[in-house]
Amino acid sequence: MDPVRFMHPDAIRALFSTALSAMYKQEVPLYGDLLDLVAEVNAQTLAAQPALAERLRSSGDEQRLSVERHGAIRVGTAEELQGLRRLFAVMGMSPVGYYDLSIAAVPVHATAFRPIEAASLRANPFRVFTSLLRLELIEDPQLREQACQLLSERTIFTPGVMALIDRHECDGGLTDTDAQAFVQEALETFRWHQSATVSTQQYRALHDQHRLIADVVAFRGPHINHLTPRTLDIDRAQAQMRSRGMTPKAVIEGPPPRQCPILLRQTSFKALQEAVTFAGGDGAPGHHTARFGEIEQRGAALTPAGKALYDRLLSQARQALGAAPSADNAEQYAHLLKTAFSAFPDDYASLRTHKLAYFNYFVRDAAKARGTDLETLIEQGAVGFEPLVYEDFLPVSAAGIFQSNLGDNTKADAMTQGNQQQLEAALGARVIDETTLYAQAQAQSIASCLRALEIQATSA
């Protein structure tokens with residue numbers, strides 16, 4: 001009897017991300033326009049920068065560029081978060097990193113579910129930034145109790161998807177047929193629901209406490225609130241958004257433009273005002289603002305030393321600005337950011353020698369190898385290097401994106417300190433430290449080079 005053949009988690013993840021993108025395009029047509037814009041900008045950038053195009057081809061990043069997406073979802077309870085952990089595990093996605101958004105008065109903390117192996121990232125680097133509402137940060141005790149009650153009464157997963165998750169955990173995988181069914185059932189968790197589960201009065205009370213609380217609590221499910229394609233030139237993409245009928249953020253979150261991009265830069269078009277029907281005797285019509293379109297540009301993953309320098313320079317620019325970045329001070333902020341980051345090396349050789357970024361090492365020309373010391377091999381041209389792509393997120397940037405889509409009058413003062421242990425208890429698992437993953441990937445690439453060159457030298 002033939003053994004049961006399971007679909008690879010990478011393939012299930014690709015199926016799901018494609019289906020989710022198609023669903024979101026139907027729900028938010030401007031997202032489709034955003035995809036077209038990013039595809040055009042990427043094609044123009046690759047044509048204008050042959051060296052970049054070659055680097056992406058050699059690293060395998062070019063093939064992942066067109067399918068790369070990250071999404072964001074917000075849940076209200078530990079049970080919901082644990083359900084998502086199990087759901088994403090079917091697709092080979094693990095919780096990586098801890099993000100505290102209360103630093104900008106957003107009452108959530110988060111992790112990101114993503115693949116962690118290099119081959120899986122090349123196959124499909126789909127990520128979902130997943131936030132958990134911190135109910136203890138709701139100041140009004142009566143409203144806090146009401147939110148708890150509303151969340152306890154909903155189920156965000158279909159019986160079908162839970163049965164398939166159970167099957168995956170029991171059998172160790174899903175067949176092609178089950179995987180297709182899983183994708184369709186899982187989509188229901190991320191689907192937009194036009195009917196709210198609260199009355200107009202309840203919604204207003206939640207909304208007045210914090211817009212994000214209303215978004216999490218007032219609906220049958222969490223709904224995907226944005227999907228983000230990756231661009232190679234976010235400044236050009238932002239400049240072209242208005243001509244496509246999109247109102248962009250005034251300020252791109254993250255580091256300033258650089259010859260050698262680092263970490264993550266993000267921008268978005270403003271959240272849409274969408275019609276909803278509230279619960280109650282009259283089924284009163286109203287509106288809700290939550291979903292938006294976002295684009296990102298990813299650069300090199302930074303070491304702890306590089307990240308500390310980044311944080312210091314970002315803080316320096318923001319303190320010099322003396323206010324939150326906005327449309328009124330966008331030009332001044334861009335100047336201050338550029339000035340501050342002049343202290344951050346902007347070539348890959350310097351980033352590597354100063355140990356500010358992580359790199360992938362590869363055999364460039366084995367015939368030139370005359371030793372086993374890495375630095376000598378690089379000088380000889382036997383070994384080459386390229387930056388490891390930053391696969392994760394930045395809490396200040398994430399908070400900035402959330403704030404810009406929650407309304408300009410939202411408070412921006414820190415609410416409390418982060419609590420990683422609390423999130424992990426709700427998650428039912430430890431989150432993976434992202435710097436450990438980058439360090440391991442770099443070390444593995446070095447070891448692979450040295451092994452290959454040793455074999456080459458032995459056979460010669």
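Look a little higher up for the structure.
Trainee: Explanation requested: the sheet that holds strand β5 (residues 226-229) in the structure shown.
Mentor: Adjacent strands of a sheet pair through backbone hydrogen bonds, lying either parallel or antiparallel. Taking strand neighbours across the sheet as the criterion, the five strands line up as β2-β3-β4-β1-β5 in an open arrangement whose pairing is mixed. In the strand order of this sheet, the two ends are held by β2 (94-100) and β5, each with one partner. Taken pair by pair, the neighbouring strands of this sheet meet at an average axis angle of 20 degrees, ignoring direction. Of the strand pairs in this sheet, strand β1 (residues 69-75) and strand β4 (residues 127-133) are connected by six bridges, and their pairing is parallel. Within the sheet, the bridge partner assigned to alanine 72 lies in β4 and is phenylalanine 129. Along the sheet, helix α5 (residues 78-90) contacts β1, β3 (108-114) and β4; its crossing angle with β4, the most-contacted strand, is approximately 165 degrees. Across the sheet, helix α18 (residues 420-427) lies against β2, β3 and β4, angled at about 55 degrees from β3, the strand it touches most.

Trainee: Help me understand the packing of helix α13 (residues 304-321) against helix α14 (residues 330-340) in this model?
Mentor: Pairs of packed helices are described in terms of their axes, by the angle between the two and the distance that separates them. Viewed as axis vectors pointing N to C, α13 and α14 meet at an angle of 145 degrees, and their least axial separation amounts to 9 Å. Handedness of the crossing formed by α13 with α14: right-handed. Counted together, Leu313, Leu314, Gln316, Ala317, Arg318, Ala320 and Leu321 of α13 and Gln332, Tyr333, Leu336, Leu337 and Ala340 of α14 form the full contact between these two elements. Here the residues of the contact of α13 with α14 are counted per class, giving nine nonpolar, two polar and one charged.

Trainee: Looking at this structure, I do not really get the environment of valine 128. What am I missing?
Mentor: Tracing the sequence through the fold places valine 128 in strand β4. Looking at valine 128, the relative accessible area reads 0%, which means it is buried. Residues valine 128 and glutamate 40 lie 88 residues apart in sequence; the distance between their C-alpha atoms is 25 Å. Discounting residues that sit within four places of it in the chain, valine 128 has contacts with Gly71, Ala72, Ile73, Phe88, Met93, Thr111, Ala112 and Phe113.

Criteria and thresholds
- Residues numbered from 1 in each chain as written.
- Predicted model: local features only at pLDDT ≥ 70, side-chain atom pairs only at ≥ 80, totals over all residues.
- Heavy atoms only, no water.
- Pairing = 2+ DSSP bridges.
- Helix = DSSP H or I, 4+ residues; strand = E, 2+ residues; numbered from the N terminus.
- Axes fitted to C-alpha atoms, helices over the stretch in contact; angles between N-to-C directions.
- Contact = heavy atoms within 4.5 Å.
- Left-handed = near helix turned anticlockwise from the far one by under 90°.
- Nonpolar A, V, L, I, M, F, W, Y, C, P; charged D, E, K, R; others polar.
- Buried < 20%, exposed > 50% of the residue type's maximum accessible area, 1.4 Å probe, protein only.

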